[in-house]
Structures are given as structure tokens and as C-alpha cells.
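Descriptive analysis of the structure
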Amino acid sequence: TQSSLREKELYDWLSALGLIKYFTLFFREELWLDVVPLLTDDMLTQLGVTDFHDRLTLLRHIEALRHVPQSNTHVASVALDDMLTRVEQLAQMM
């Protein structure tokens, strides 16, 4: 169904960012990936994302989502996950 696809996309995106601890918060507020690009730093703080590093990470990736057509958010989350994996592998080689 549409809602389970939205949940999976959100879960995959937060997981790829290493911020899965915020899944329940985003889920409870129904902040799906089609709405996430509208979030600001102040909104994240009001939602309860108080850790500065976590907010920066979210904001950086939220900015990237703003440039992805809505129909491609799942593709973008998979591509982001692949990119993060490659960066981690490169970092381990250094």
C-alpha cells in the first residue's frame, strides 16, 4: 500500500543516514519523504531533534532531497545508501 511504501522509504532514508532513532518521531508526525524537504532547522528542533550534529546531517540531506523529483525519492535513498557505503569503504582504506 501507499503508506507502507512511504514508511519503507522513510525508514531506508533515515537508516542510510545513521539516524534511524528518529524514525518513530517522523512516523508519528507523518513526515514522509514528500514533506521532509520542507523542514527547517527550527522545525527539527521543535520536533525534538536536539542534537546539533544530527540536525546538520538531516539538513544536509534534506537539501539534497529538495533537488530530487518526488517520484524519484526511493531511487535517491538507494543511491544515497550506495554512496555512503562507498565513502565508508574509502575511509577504511585510508
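So, here is what we can say about the structure in this document. (Residues numbered from 1 in each chain as written. Predicted model: local features only at pLDDT ≥ 70, side-chain atom pairs only at ≥ 80, totals over all residues. Heavy atoms only, no water.)

Our focus in this paragraph is the environment of lysine 8. Positionally, lysine 8 belongs in helix 1 (residues 2-17). Since its relative accessible area comes to 46%, lysine 8 is described here as partly exposed. As a C-alpha pair, lysine 8 and tryptophan 32 span 24 residues in sequence and 9.7 Å in three-dimensional space. (Helix = DSSP H or I, 4+ residues; strand = E, 2+ residues; numbered from the N terminus. Buried < 20%, exposed > 50% of the residue type's maximum accessible area, 1.4 Å probe, protein only.)

A word on the nonpolar core. Grouped together as the largest cluster of nonpolar side chains are 19 residues, with contacts concentrated most on Leu10, Trp13, Leu14, Phe26, Val36 and Leu58. Listed by contribution, the elements that provide at least two residues to this core are helix 1, helix 2 (23-28) and helix 4 (52-65). Take this core: its biggest share by element is four residues, from helix 1. Aside from chain neighbours lying at most four places away, what touches leucine 10 is Phe23, Phe26, Phe27, Leu31, Trp32 and Leu33. (Core = buried A, V, L, I, M, F, W, Y, C linked by side-chain atoms within 4.5 Å. Contact = heavy atoms within 4.5 Å.)

This part is about the pattern of salt bridges. This structure, assessed with the given rule, holds six salt bridges. Its salt-bridge partner being arginine 28, residue glutamate 29 comes within 3.7 Å of it at the nearest N-O pair. Since its relative accessible area comes to 54%, arginine 28 is described here as exposed. One salt bridge in this structure joins arginine 55 and aspartate 41, with 2.7 Å as the shortest N-O distance. Of this pair, arginine 55 sits in helix 4 while aspartate 41 is found in helix 3 (residues 41-47), placing the two residues 14 residues apart along the sequence. Judged by relative accessible area, which is 31%, aspartate 41 ranks as partly exposed. (Salt bridge = Lys/Arg side-chain N within 4 Å of Asp/Glu carboxyl O.)

A few words now on the packing of aromatic side chains. Each aromatic ring pair is summarised here by two numbers: the centre-to-centre distance and the angle between the ring planes. What the rule picks out here adds up to three aromatic pairs. Ring centres of tyrosine 11 and phenylalanine 23 lie 5.5 Å apart, and the angle between their planes is 75 degrees; on these two criteria the pair is classed as edge-to-face. Placement of tyrosine 11 in helix 1 and of phenylalanine 23 in helix 2 is noted, with a sequence separation of twelve residues between them. Ring-pair connections join several aromatic residues into one group, and the members of that group are Tyr11, Phe23, Phe27 and Trp32. (Phe/Tyr/Trp six-rings, centres within 6.5 Å; stacked < 30°, edge-to-face > 60°.)

With 14 residues, helix 4 ought to run about 20 Å at 1.5 Å a step, and its terminal C-alpha atoms sit 20 Å apart, in line with that. The set of residues buried in helix 4 consists of Asp54, Arg55, Thr57, Leu58, His61, Ile62 and Leu65. Viewed end-on, helix 4 has its buried residues packed into an arc of 160 degrees, placing them on one side of the element. Along helix 4, the residues that are exposed and aim more than 90 degrees away from the buried face are Phe52, His53 and Arg60. Capping of helix 4 at its N-terminal end is provided by aspartate 51; its side-chain oxygen lies 3.1 Å from the backbone amide nitrogen of histidine 53. (Expected span 1.5 Å × (residues − 1). Arc of directions from axis to C-beta. Polar contact = N/O pair within 3.5 Å; in protein donor to acceptor, adjacent residues only side chain to side chain.)

Before going further, it helps to examine the side chain of aspartate 54. By the secondary structure assignment, aspartate 54 is in helix 4. Here the side chain of aspartate 54 touches tyrosine 22 through a polar contact of 2.6 Å, side chain to side chain.

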